[in-house]
Amino acid sequence: MIVFAILALLLLVAALVVVLRPLLKARAAPSVGRSLSNLEIHRDQFAELERDLASGALNAQSYEQARSELERRVIEEAALPEEAAPVARAGKATPIVVGALIPVVAIALYLHLGNLQGIVAPPHPAADLSSVTAEQFRDMTAKLAARLKTNPGDAEGWKMLGRAYRAMENFGEASAAYGKAVALKPDDADLLADYAESLALVAGRSMAGEPTKLLDRALKLAPDNPKILALAGSAAFERKDYKNAVRYWEGILKHPDVDADLAQALQKGIAEAKARMSGKAGPSDKPVASTSAGKERISGEVSLDPGLLAATQPDDVVFVFARAAAGPRVPLAIAKIRVRDLPYRFAFDDTSAMMPDMKLSKFGEVVVGARVSKSGSAAPAPGDLEGQSATVKPGQSGIAVRIDRKAGQP
C-alpha cells in the first residue's frame, strides 16, 4: 500500500510539472515606446517635405515654414517623459485552477474505476486440495474448460485441465487436453511425459506406440529427468528391451536426492530386468519399477461376484482406484483394466499418485474401490457395477475388493 501511494504521488507530481510549467512562465509582450514611434513618423514627414520642394509643390518659403513647425513639434515631444513598456504575464487563476483539478480528477477516477481492495488484499494462500470436494473439483474443471474455449492459446491452462481430467479418471479428455498443450509447447519435456503417460492410461497402461514416441522426444530435451527416465524404463520393459530399461532406471539412481522407497523399487526392477536378460525369469509384460516396498504401499486383489458375471462382457472397462477415506474423493491412484483381467492383483504407492500433492502417504486411512463401466467412461453412470474395500491404512497388503453390486445400491 505504501509503495503504491508513493508511486502514485510521484506520477501526479510529474503530471503537474508538465502541465503547469508553460502556464507559470512570464510571457513578455514587447511594447513599442512612444518616442520611438513618433520619431519614425516625423522622419517620414521630413522626407515628404523634401519631395514636395524638389517637385515644386512647395516654394522655398513654404518649405522653410513647414520644416520649422515640424522641428518645433519634435523638440516639444522629446521633452515629455517616456512611458514604461507594459509587460503581459500569464494570469494567476489559470495555473491555480488546473493544479487543483488534476489531482482531484485523478483521485476521483481511480476511486470510480480502480480497485482499492486489490491494494490491501493479502496474497491468496495456496489451494488446499484436501478440503476440495469432488463436486467442487468438477465445477472448477468445468470452469477452466469453458475459459479455454475462449482462450485456446493458453498452454498452461490446457496442461492444468489435463491434470484435472486425469484426477477425475477422464483419461480420454485428459489426453485431448495434453495434446493441445503439446501443440502449443512442443519442446516442453515434462509436458511430453504427461501426455505420454495419459495416452498410456487410455490404452490400459500400455506405453507402446505414440507414448513411446513422445518419451523419445522428451528424452532428447531432458535426458536426466527422473520422471521421463522412469516412464521410458517402463516402456522399454514392456517391449522386453531390458537392456535399456536397466539403463534408464539406473540413470534415476544417479540422482543424489532420489527417494529411498523409489530407489528400492528401481533396484528391484533392475534386478528383474537383468534376470530376464539372462533368461532366469519368466516373461512378463508388466513393468515392475512402478511400485515400491515403502510404508505407503497398499496391495490386494479385485474380484467379480459370480452372480454379476452375466451382466458383463470380457471387454468391459474396469477402473480400480484408491482414495482418501475422509476428505476429497479425487483418486490418489488408479488402474484401468478389463473384465477379462479379473481377478486382478493391484499395488499402489506414492509413485502412483495422480497429482503431486495427493499421495497415499499423506492420508492416514484410504479405501480401494473398483467399478465396471459399461460406457467405458471414468465418470460413474447408471448400470455400472462396483465394489469397495473396508477402510485400510497405507502399508497394508492383502486387501480384498469384491465387485458385488450395481451403482447406487447400498
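Residues numbered from 1 in each chain as written. Predicted model: local features only at pLDDT ≥ 70, side-chain atom pairs only at ≥ 80, totals over all residues. Heavy atoms only, no water.

Quick notes on the packing of helix α9 (residues 189-202) against helix α10 (residues 210-221)
So, point 1. Closest axis-to-axis distance for the α9/α10 pair is 8 Å, and the angle between their directions is 165 degrees. It follows that α9 is roughly antiparallel to α10 by the angle criterion. Once α9 is placed against α10, the crossing between them reads as left-handed. Here A189, L192, A193, Y195, A196, L199 and A200 of α9 come into contact with α10, specifically with E210, P211, L214, L215, R217, A218 and L221.
So, point 2. By residue class, the composition of the contact of α9 with α10 is twelve nonpolar, no polar and two charged. (Axes fitted to C-alpha atoms, helices over the stretch in contact; angles between N-to-C directions. Helix = DSSP H or I, 4+ residues; strand = E, 2+ residues; numbered from the N terminus. Parallel < 35°, antiparallel > 145°, perpendicular 65-115°, else oblique. Left-handed = near helix turned anticlockwise from the far one by under 90°. Contact = heavy atoms within 4.5 Å. Nonpolar A, V, L, I, M, F, W, Y, C, P; charged D, E, K, R; others polar.)

Structural notes on the packing of helix α7 (residues 155-167) against helix α8 (residues 171-184)
So, point 1. For the pair α7 and α8, the least separation of the axes is 8 Å and the interaxial angle reads 160 degrees. By the angle between their axes, α7 is roughly antiparallel relative to α8. Handedness of the α7/α8 crossing: left-handed. Note on element contacts: α8 touches α7 through F171, E173, A174, A177, Y178, K180, A181 and L184, opposite A155, W158, K159, L161, G162, R163, Y165 and R166.
So, point 2. In terms of residue class, the contact of α7 with α8 is made up of ten nonpolar, one polar and five charged.

Digging into the pairing of strand β5 (residues 366-373)
So, point 1. Among the eight residues of β5, eight are classified as buried, and the element is accordingly described as predominantly covered.
So, point 2. Both faces of β5 are covered, namely the face carrying V366, V368, A370 and V372 and the face carrying V367, G369, R371 and S373.
So, point 3. As judged from the eight bridges shared by strand β2 (residues 317-324) and β5, these two strands associate in the antiparallel manner. The residue bridging A322 from the neighbouring strand is V368, located in β5.
So, point 4. Direction of pairing for β5 relative to strand β6 (residues 385-388): antiparallel, over a ladder of four bridges. Directly across from G369, in β6, lies its bridge partner Q388. (Buried < 20%, exposed > 50% of the residue type's maximum accessible area, 1.4 Å probe, protein only. Pairing = 2+ DSSP bridges.)

Quick look at the nonpolar core
So, point 1. L161, I228 and W249 are the most contacted members of the largest nonpolar core, which totals 41 residues.
So, point 2. If you list the elements that add at least two residues to this core, you get α6 (134-150), α7, α8, α9, α10, α11 (226-238), α12 (242-253) and α13 (260-277).
So, point 3. It is α9 that contributes the most residues to this core, eight residues altogether.
So, point 4. Discounting residues that sit within four places of it in the chain, L161 has contacts with T141, L144, A145, L148 and A177. (Core = buried A, V, L, I, M, F, W, Y, C linked by side-chain atoms within 4.5 Å.)

A closer look at empty space enclosed by the protein
So, point 1. Tallied over the entire structure, the rule returns two cavities of 30 Å³ or more.
So, point 2. Within this model, the largest cavity holds a volume of roughly 40 Å³.
So, point 3. In terms of lining residues, the largest cavity is bounded by T212, L215, D216, L219, A232, A235, R239 and Y248.
So, point 4. With four residues, the single largest contributor to the lining of the largest cavity is α10. (1 Å grid on protein atoms, 1.4 Å probe; cavity = no way out; pocket = protein on both sides within 12 Å on 5 of 7 lines; lining within 4 Å. Points joined across faces, edges and corners; volume = space filled by probe spheres on them.)

Quick notes on unusual backbone geometry
So, point 1. Look at the link from L342 to P343: it is a cis peptide, with omega at -10 degrees.
So, point 2. Along the polypeptide, P343 turns up in the loop between β3 (333-338) and β4 (344-348).
So, point 3. Despite not being glycine, K240 shows a phi value in the positive range, around 65 degrees.
So, point 4. Among the structural elements, K240 can be located in the loop between α11 and α12.
So, point 5. Exposure remark for K240: the relative accessible area of 43% places this residue in the partly exposed category.

Thoughts on the pattern of salt bridges
Pairs may arise between side chains of opposite charge once their charged atoms sit close together.
So, point 1. Evaluated as defined, the whole model comprises 17 salt bridges.
So, point 2. Of the charged contacts in the structure, one is a salt bridge between E250 and K274, with a shortest N-O distance of 3.6 Å. In this pair, E250 is assigned in helix α12 and K274 in helix α13, connecting sequence segments 24 residues apart.
So, point 3. K274 sits in the partly exposed class, given a relative accessible area of 43%.
So, point 4. Of the charged contacts in the structure, one is a salt bridge between D315 and R340, with a shortest N-O distance of 2.0 Å. Linking D315 in the loop between β1 (298-304) and β2 with R340 in the loop between β3 and β4, this pair joins segments that are 25 residues apart in sequence.
So, point 5. Overall, D315 belongs to the partly exposed group, its relative accessible area being 48%.
So, point 6. Within the structure, one salt-bridge network assembled from shared partners comprises R163, D194, E197 and K227. (Salt bridge = Lys/Arg side-chain N within 4 Å of Asp/Glu carboxyl O.)

Here's the deal with the environment of K243
So, point 1. Following the sequence through the fold, K243 ends up in helix α12.
So, point 2. Judged by relative accessible area, which is 64%, K243 ranks as exposed.

What to know about the environment of K406
So, point 1. With respect to the element layout, K406 can be found in strand β8 (residues 405-406).
So, point 2. In the structure, K406 is positioned 24 residues away from P382 in sequence and 8.1 Å away in space, judged by C-alpha atoms.
So, point 3. Leaving out residues up to four positions away in the same chain, K406 has contacts with D384, L385 and E386.

Some details on the side chain of T212
So, point 1. One can find T212 in helix α10.
So, point 2. The contact partners of T212, leaving out residues within four places of it in the chain, are M207, A235 and R239.

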